[in-house]
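# Coordinate analysis (summary)
Each chain, written out:
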Amino acid sequence: MRLELADIEKSFGEKRVLKGVSFTADGGKAFGLLGRNGAGKTTSIRILMNVFPADGGEIRIDGIPIDYRKIRFGYLPEERGLYPKKPVIDQLVYFAELKGMNRTDAIKAVDYWLKRLEMSEYRGKRLDTLSKGNQQKIQLVTALAHDPEIVILDEPFSGLDPVNAMLLKNVVKEQITRGKIVLFSSHQMNYIEEFCDSIGIIHDGKVAICGDLRDIKRDYPRDRLVVAAQNPEPIRADFGDACTVCEDGALLIRLDCPDRKQEVMKRLVERYDVDEIKVFEPSLNDIFIEYTGEQR
Amino acid sequence: MKQFSKILKFELKNYCKNKIFIGVTLFLVIAIAVLMFIPNLAAFFSSEEAQPSEGTPASVMLVCAEDAELAALVQSSFAAAFPDYEVKLAAGGAEDAKAQIVSGEAECAFVMDTAASYTYYVNNLSMYDTNCTVADTVLQEVYRTTAMVASGMTPEQAGEILSVQVESRTEALGKDQMENFFYTYIMIFALYMVILLYGQMVATNVATEKSSRAMELLITSANPTAMMFGKVLASCIAGLIQLTAVFGSAVLFYQINRSAWGDNEIIASIFNIPLPLFIFLLVFFVLGFLIYAFLYGAIGSTASKLEDINTSVMPITFLFIIAFMVVVLSMTSGNTDSILIKVCSYIPFTSPMAMFTRICMSTVPWYEIAVSIAILIGSTVGIGILSAKIYRVGVLLYGTPPKPAAILKAVWKA
């Protein structure tokens, strides 16, 4: 299954929030939807889920305009919240029923997920008696119980301890292997790098960059070297302004002429006591800042 | 449709599990029960109290006049007219009478200037003191009889003339306002209370979902129209259940205490509401309830915080109170055919109360009723759909509540 958003436009009053957002997400893979606060991620998600219509553009499943009666969405909103005063089981079954399940199946599915997330003991408890992390796991059940084709997770790991994060990772991986489209929105870049094969960065209502994460990294200009040395001072003196120090103490050397990379590496090895030299590959964090920072 | 029934069931269950809802219903049922048992209880207590009161001496009422004959005449007439008093002549004149009252020996005194003029002395004038009214009637009769006898009639003839009774019969060919007044009033008042109470509940319910952010999930799980109609109809059914419990228990307890209430016409008229009127009552009640509940729900969706609800719903509450005032004022003035109430009986927001009042207290042609109900049904559905749209736009707006014009603009675009 392939989900395509093509040229989605949306304005609220005078404000143009989305200025032609397009991206493609494939089944069996996770897609990372990134962007700074207020960039238009939530609006894109809401339009995708038919909360309100787009002013222009089209959403397609396998090339055909989406039919909301056939495609089920599972959604974990960034703003978490259920009914605090109601028992866990009542509201989970209610939400599963709203998504089209019959009561018996809904109870069965909810019980399966509660067990899977180690939450069965809280089945009859009121939601507001649970800790924040546990409430988050309950909320996750509302996104998964009805076995949706498209799963949208907005900041799924915030507030989870490492054990619960591990549990959630396994659940997400399982959803991916089952061929679902998983849309992942987070500011925790390490999780995105861990799960997502492709990403789209929304900036100022437009997609700044979109595609396979490895390709994006590969296409990044290979014009910097990372050099680790016991005594970096002579190297810094040698390269002057072209050399900066990274957070971990390694040196980052910008090359005026990337084609002559080999020559520079050779020179470094011959002249100095160097532990490691490699071509700099940007992290997702670097890419994100590059595409969404103020200078753009 | 499936979603609608799920929402309806869920919301209704919430009402039925709500402790305040159950508490208020129980309280009302108990209050009604106590009210209905009052005649029995009163009879029970008065029968216990009656015995000791017989032994206590009667209060003293003094009569004095310069004319001894007048004094004797007044004393004998008053003795018959005031069986609760021991009527005595005050030998020492007005000053003696006043002194006796102040010292507590006597309760009150009538000091006669002439046969048709007196001063009434009493220590503390009670709000419920009717002695003067009774005395006026008695003295008038004494004066007339004396005058008639003086002009040559026998006391018997005079008595016959004065005691003549006029016989009359009244038949209302249309509606008897007196008979219908009380249940109309009670029903209008019940409608008023229930709409205000439940309207507020619907608004709060929506705003709670919004402020707890459950809305983020709801709005992506269910159709807003199904949400709005499910919520509002659930509150309507809950309201009807509560009213049925309260009025049902009232009827039940009335039947139990029927003999004790005897021929209290007010109470009897309330319980003898004719079936067609009852059906009209139900129709107007349900439609009136729905139209306001939709508005309250829509308003609730535009408030971000629960605290904002009270100010946000103010315009609707005012609209409703004005409608109520117009109807009640027309009712109490007895003029239920004025242009104002006629116009009101076609405007959807006032017609549930206005038209029901007109049907109860005046004669309304069937086509007027049909037109009024048709307008009301049409506008209820219209308001329902509009409020679902406002809901869809409103629930995702956080921050300060938007202005009505801004909401309508957004709804128009959506």
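Residues numbered from 1 in each chain as written. Chains lettered and ligands numbered in written order. Predicted model: local features only at pLDDT ≥ 70, side-chain atom pairs only at ≥ 80, totals over all residues. Heavy atoms only, no water.

With that settled, the discussion passes to the pairing of strand β7 (residues 150–154) of chain A. All names here are of chain A. Counting buried residues along β7, five of its five residues qualify, which places the element largely inside the surrounding structure. Burial along β7 is two-sided: Ile150, Ile152 and Asp154 and Val151 and Leu153, pointing in opposite directions, are all buried. The sheet contact formed by strand β6 (residues 73–76) and β7 spans four bridges and is parallel. Bridge assignment links Gly74 to a residue of β7, and that residue is Val151. (Buried < 20%, exposed > 50% of the residue type's maximum accessible area, 1.4 Å probe, protein only. Helix = DSSP H or I, 4+ residues; strand = E, 2+ residues; numbered from the N terminus. Pairing = 2+ DSSP bridges.)

Another point: the packing of helix α1 (residues 2–17) of chain B against helix α2 (residues 19–36) of chain B. Think of two packed helices as two axes; the pair is described by the angle between the axes and how far apart they sit. All names here are of chain B. Running from N to C, α1 and α2 point in directions that differ by 55°, and their axes come no closer than 5 Å. Classified by the angle between their axes, α1 and α2 sit oblique to one another. Contacts from Tyr15, Cys16 and Lys17 in α1 reach Lys19, Phe21 and Ile22 in α2. Its residues placed into classes, the contact of α1 with α2 shows four nonpolar, no polar and two charged. (Axes fitted to C-alpha atoms, helices over the stretch in contact; angles between N-to-C directions. Parallel < 35°, antiparallel > 145°, perpendicular 65-115°, else oblique. Contact = heavy atoms within 4.5 Å. Nonpolar A, V, L, I, M, F, W, Y, C, P; charged D, E, K, R; others polar.)

So, about the sheet that holds strand β2 (residues 85–89) of chain B. Residues and elements named next belong to chain B. Pairing is mixed in the open sheet, where four strands are placed in the order β2-β1-β3-β4. Two strands in the sheet have a free side with no partner beyond their single neighbour: β2 and β4 (117–122). Strand-to-strand twist of the sheet, defined as the mean angle between neighbouring strand axes without regard to direction, takes the value 20°. Pairing between strand β1 (residues 59–65) and strand β3 (residues 108–114): five bridges, direction parallel.

Each partner contributes residues to the interface: chain B has 23 residues there, and chain A has 25 residues. Seen at the junction of chain B and chain A, the total is four salt bridges. If you list the elements that add at least two residues to the side of chain B that touches chain A, you get α1 and α9 (214–221) of chain B. Here the side of chain B that touches chain A gets nine residues from one element, more than from any other, and that element is α1 of chain B. Taken together, the residues that form the side of chain B that touches chain A break down as eight nonpolar, five polar and ten charged. (Salt bridge = Lys/Arg side-chain N within 4 Å of Asp/Glu carboxyl O.)

The next subject is the side chain of Thr43 of chain A. Residue and element names in this part refer to chain A. Counting through the fold element by element, Thr43 comes out in helix α1 (residues 41–48). Under the relative-accessibility criterion, Thr43 is labelled buried at 12%. Beyond its immediate chain neighbours, meaning those up to four positions away, Thr43 contacts Lys10, Phe12, Val17, Leu18 and Phe52.

All names here are of chain A. Pairing is antiparallel in the open sheet, where four strands are placed in the order β2-β1-β4-β5. Two strands close off the open sheet at either side, each with one partner strand: β2 (15–26) and β5 (64–65). Both strand β4 (residues 56–61) and β5 contribute to a ladder of two bridges, which runs antiparallel. Bridged to Ile61 within β5 is Ile64. Sitting on the sheet, α1 is in contact with β1 (2–12), β2 and β4, with an inclination near 115° to β1.

A few words now on the environment of Lys19 of chain A. Residues and elements named next belong to chain A. Tracing the sequence through the fold places Lys19 in strand β2. Given the relative accessible area of 25%, Lys19 is considered partly exposed. C-alpha separation for the pair Lys19 and Asp111, spaced 92 residues apart in sequence, amounts to 43 Å. A polar side-chain atom of Lys19 sits 3.4 Å from a polar atom in the side chain of Asp204. (Polar contact = N/O pair within 3.5 Å; in protein donor to acceptor, adjacent residues only side chain to side chain.)

Right, let's talk about unusual backbone geometry for a bit. Located in the positive-phi region is Glu118 of chain A, a residue other than glycine, with phi close to 55°. Considering the arrangement of structural elements, one finds Glu118 of chain A in the loop between α3 (103–116) and α4 (132–144). We classify Glu118 of chain A as exposed; its relative accessible area is 53%. If you check the backbone angles, Arg213 of chain B has positive phi at about 65° while not being a glycine. Position of Arg213 of chain B relative to the elements: it lies in the loop between α8 (177–211) and α9.

Our next topic: the environment of Tyr94 of chain A. You can see Tyr94 of chain A is positioned in helix α2 (residues 88–98). Look at Tyr94 of chain A and you get buried, because its relative accessible area is 2%. Sequence separation between Tyr94 of chain A and Ala106 of chain A is twelve residues; the distance between their C-alpha atoms is 8.2 Å. Setting aside residues up to four positions removed in sequence, Tyr94 of chain A forms contacts with Tyr83 of chain A together with Lys6, Ile7, Phe10, Glu11 and Leu218 of chain B.

Below, the discussion takes up the confidence of the model for chain B. Residue and element names in this part refer to chain B. Per-residue pLDDT for chain B has a mean of 84; in total, 95% of the residues score no lower than 70. Here helix α3 (residues 38–55) stands out as the least confident element of chain B, with mean pLDDT 65; helix α18 (residues 366–394) is the most confident, with 91. Two summary scores accompany this predicted model of the complex, namely pTM at 0.75 and ipTM at 0.78. (pLDDT = per-residue confidence, 0-100.)

What follows is about the pattern of salt bridges. Residues and elements named next belong to chain A. Applying the stated criterion across every chain yields a total of 34 salt bridges over all chains. A salt bridge links Glu194 to Lys169, with the shortest nitrogen-to-oxygen separation between them at 3.4 Å. Separated by 25 residues along the polypeptide, Glu194 in helix α6 (residues 189–195) and Lys169 in helix α5 (residues 162–177) bring together distant segments of the chain. Relative accessible area serves as the criterion here: at 38%, Glu194 is assigned to the partly exposed category.

Leu3, Ile138, Ile152, Phe184, Phe195 and Ile199 of chain A together with Phe289 of chain B are the most contacted members of the largest nonpolar core, which totals 161 residues. The biggest single contributor to this core is helix α13 (residues 275–302) of chain B, with 14 residues. Residues in contact with Ile199 of chain A, not counting those within four places in the same chain, are Phe31, Gly32, Leu34, Ile192, Ile209, Cys210, Gly211, Leu213, Ile216 and Leu284 of chain A. Residues Phe82, Tyr120, Leu139 and Val142 of chain B belong to the second largest nonpolar core, which totals 16 residues. (Core = buried A, V, L, I, M, F, W, Y, C linked by side-chain atoms within 4.5 Å.)

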